[in-house]
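Report on the structure
Residues per chain, in single letters:
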Amino acid sequence: MSKVKWGILSTANIGQTQVIPAITRSTLGEAIAISSTSGKAQEAADKLGIPKVYDSYEGLLGDEEIEAVYIPLPNHLHAKWVMEAAKAGKHVLVEKPASLNAHEMKEMQEVCSRYGVLFMEAFMYQFHAQHKRVKDILKTGEIGEVKYMYASHSFLLEEEDNIRLSPEKGGGALYDVGCYNIHAIRHILQAEPAEVKAFSRLDSTYQVDMTTTGHLWMDNGVQAMFDCSFQMKTRDEYRVVGTKGEIICQHAYRPDRKDHKGTLVIKTNEETRKEIISCDQYLMQVEHFAECVLEGKQPQYTGNDTLQNMKAIDACYESIRTNRTVTLS
């Protein structure tokens, strides 16, 4: 069976603990090279069983054996290295948020298209089977007509030197965890925000948003709200409310922390029941992307989807700056 040969740009924690092990578990891919400018590539390679090591990203991109790259670099470096990878003929899986704004994302799309490479943003959570189950329940009409959705994602960030606190590097709660909320609202409701009102204040020490809340009016008439924070206990859930009931997805984004088990609570006038759904979301993500590379087909989560998410994030930041409701085209 053919396998996609992966190269990894950076020794970031998410790569070492989640994505590279998922590539190793996969049947359609293998990690053959890793690069770092910090001098940590050899240590990571030894730990993860990766045969090739590069001390520069350019060196890895010049390896003709590599077909696809995974990029978990800091947010402000995504656009540059996605485009460099595309120019080197490598298919790209890049961590979320893929860019810092919609303009960057458009440029990345154009370069990937020009060089004929596949692009996908690594919103791994969407590959967990619990979300398809939520959409299937909605289609049955069990909770009636959907009127409202709420999404939350937070954790307590206590490290003062954490990269998430650097405004120059794309720090802030909205970029880091709020992007999941916005994505989930769009993904589950199958709609785009028509108007956005977001609320936040920049932290006086770090100059990034530590807690942000937002209200989205979706183009299908459903209202949605979200909150994201570095100042609260760990939460990663959403709920969809209809005229006859609601669905609560209790571990929406990181069910891998719960032994890969997603928990849905469905409440209607007739009953309350719980459904447990197991799925390895990181494995499903890398398998899907590798399958697309091998078969020459577009990922189910496209560059246009990423662009729409970035437009919504841009609108949230504009709303925070202006203290106004922002209308999206």
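Coordinates for the structure precede this section.
Reference entry: report on the structure contained in this document. (Residues numbered from 1 in each chain as written. Predicted model: local features only at pLDDT ≥ 70, side-chain atom pairs only at ≥ 80, totals over all residues. Heavy atoms only, no water.)

**Describing the overall build of the chain**
Put simply, the rule is: What counts as a helix is a DSSP run of H or I of at least four residues, what counts as a strand is a run of E of at least two, and both are numbered from the N terminus. We take the radius of gyration over the C-alpha atoms and set the globule estimate at 2.2 Å times the residue count to the 0.38 power. Between buried and exposed lies partly exposed: a residue is buried under 20% and exposed over 50% of the maximum accessible area for its type, with that area taken using a 1.4 Å probe on protein chains only. Here a residue-residue contact requires only that any non-hydrogen atoms of the pair lie within 4.5 Å. We get accessible surface area from the Shrake-Rupley algorithm with a probe of 1.4 Å; when it comes to residues, only the shown protein chains can shield them. A residue counts as positive if it is Lys or Arg and as negative if it is Asp or Glu; His and the chain ends are not included. A charge is said to be at NZ when it belongs to Lys, at CZ for Arg, at CG for Asp and at CD for Glu.
Per the secondary structure count, the chain includes nine helices and 15 strands. In summary, the chain has a C-alpha radius of gyration of 20 Å against a globular reference of 20 Å for 329 residues, a match within 12%. Counting only C-alpha atoms and orienting by the principal axes, one finds that the chain spans roughly 60 × 45 × 40 Å. Each of the 329 residues in the chain was classed as buried or not, and the buried ones make up 57%. For the chain, the proportion of contacts with a sequence separation of at least 24, taken over those separated by at least 6, is 67%. Of the roughly 14,400 Å² of accessible surface on the chain, 46% is carried by carbon and sulfur atoms. Side-chain charges of the chain comprise 37 positive and 45 negative groups, with the mean position of each set lying 4 Å from the other.

**Some points on the sheet that holds strand E6 (residues 119-122)**
Here is the rule we go by: Any two strands with at least two DSSP bridges between them are considered paired. Where helices are involved, their axes are fitted lines through C-alpha atoms of the stretch in contact, as for all axes, and angles between N-to-C directions lie from 0 to 180°.
Reading across from one edge, E3-E2-E1-E4-E5-E6 is the order of the six strands in this open sheet, with parallel pairing throughout. Strands at the two margins of the open sheet, each flanked by one partner only, are strand E3 (52-54) and E6. For this sheet, the mean angle separating the axes of adjacent strands, direction not counted, is 25°. When strand E1 (residues 4-9) meets strand E4 (residues 68-71), the two strands line up parallel, connected through three bridges. Across the sheet, residue Trp 6 finds its bridge partner in E4, namely Ala 68.

**Observations regarding the pairing of strand E13 (residues 261-268)**
Among the eight residues in E13, six count as buried, and that is most of the element. Bridge analysis of strand E12 (residues 245-249) against E13 gives five bridges, and the strand direction is antiparallel. The partner of Cys 249 across the bridge, within E13, is Leu 264. Joining the antiparallel neighbours E13 and strand E14 (residues 272-278) is a turn of three residues.

**Brief notes about the packing of aromatic side chains**
In plain terms, the rule: Each Phe, Tyr or Trp ring, with Trp reduced to its six-membered ring, pairs with another whose centre is within 6.5 Å; inter-plane angles below 30 degrees give stacked pairs, above 60 give edge-to-face pairs, and intermediate values give tilted ones.
Going through the model one piece at a time under the given rule, you end up with 10 aromatic pairs. Judged by centre distance (5.4 Å) and plane angle (55°), the ring pair of Phe 155 and Phe 230 falls under tilted. One end of the pair, Phe 155, is in strand E7 (residues 146-156); the other, Phe 230, is in the loop between strand E10 (223-229) and strand E11 (231-242), and 75 residues separate them in sequence. By the burial criterion, Phe 155 is buried, and Phe 230 matches it. One aromatic cluster is present, formed by Phe 123, Tyr 125, Tyr 180, Tyr 253 and Tyr 301 through successive ring pairs.

**Section: unusual backbone geometry**
Between Lys 96 and the following residue, Pro 97, the backbone shows a cis peptide bond with an omega angle of -20°. Position of Pro 97 relative to the elements: it lies in the loop between strand E5 (91-95) and helix H5 (102-114). Look at Gln 190: it is not a glycine, yet its phi comes out positive at around 55°. Structurally, the position occupied by Gln 190 is in the loop between helix H7 (173-189) and strand E8 (193-199). With a relative accessible area of 57%, Gln 190 lands in the exposed category.

**Quick word on the environment of Leu 165**
As for its position among the elements, Leu 165 is in the loop between E7 and H7. Judged by relative accessible area, which is 7%, Leu 165 ranks as buried. Residues Leu 165 and Phe 230, spaced 65 residues apart in sequence, show a C-alpha to C-alpha distance of 9.5 Å. Discounting chain neighbours no more than four positions away, the residues touching Leu 165 are Leu 157, Glu 159, Glu 160, Tyr 206, Val 208, Met 210 and Phe 230.

**Some points on the packing of helix H4 (residues 78-87) against H5**
Put simply, the test is: With respect to orientation, any angle under 35 degrees is reported as roughly parallel, any angle over 145 as roughly antiparallel, any angle of 65 to 115 as roughly perpendicular, and every other angle as oblique. Each residue is assigned to one of three groups, with Ala, Val, Leu, Ile, Met, Phe, Trp, Tyr, Cys and Pro labelled nonpolar, Asp, Glu, Lys and Arg labelled charged, and all others, Gly among them, labelled polar.
In contact at an axis separation of 9 Å, H4 and H5 are set at 10° when each is read in the N-to-C sense. Classed by the angle they form, the pair H4 and H5 counts as roughly parallel. In contact with Ala 79, Val 82, Met 83, Ala 86 and Lys 87 of H4, H5 contributes Glu 104, Glu 107, Met 108, Val 111 and Cys 112. Taken together, the residues that form the contact of H4 with H5 break down as seven nonpolar, no polar and three charged.

**Quick notes on the pattern of salt bridges**
Basically, it comes down to this: By definition, a salt bridge exists where a carboxyl oxygen of Asp or Glu is found within 4 Å of a side-chain nitrogen of Lys or Arg.
Evaluated as defined, the whole model comprises 21 salt bridges. In this structure, Glu 237 engages Arg 239 in a salt bridge whose closest nitrogen and oxygen atoms are separated by 3.8 Å. Assessed through its relative accessible area of 26%, Glu 237 is described here as partly exposed. Residue classification places Arg 239 among the partly exposed residues on the basis of a relative accessible area of 27%. Note that Lys 297 and Glu 295 form a salt bridge whose closest N and O atoms lie 3.5 Å from each other. Residue classification places Lys 297 among the partly exposed residues on the basis of a relative accessible area of 31%. Among the charged side chains, a salt-bridge network with shared partners connects Arg 133, Glu 142, Glu 271, Arg 273 and Glu 275.

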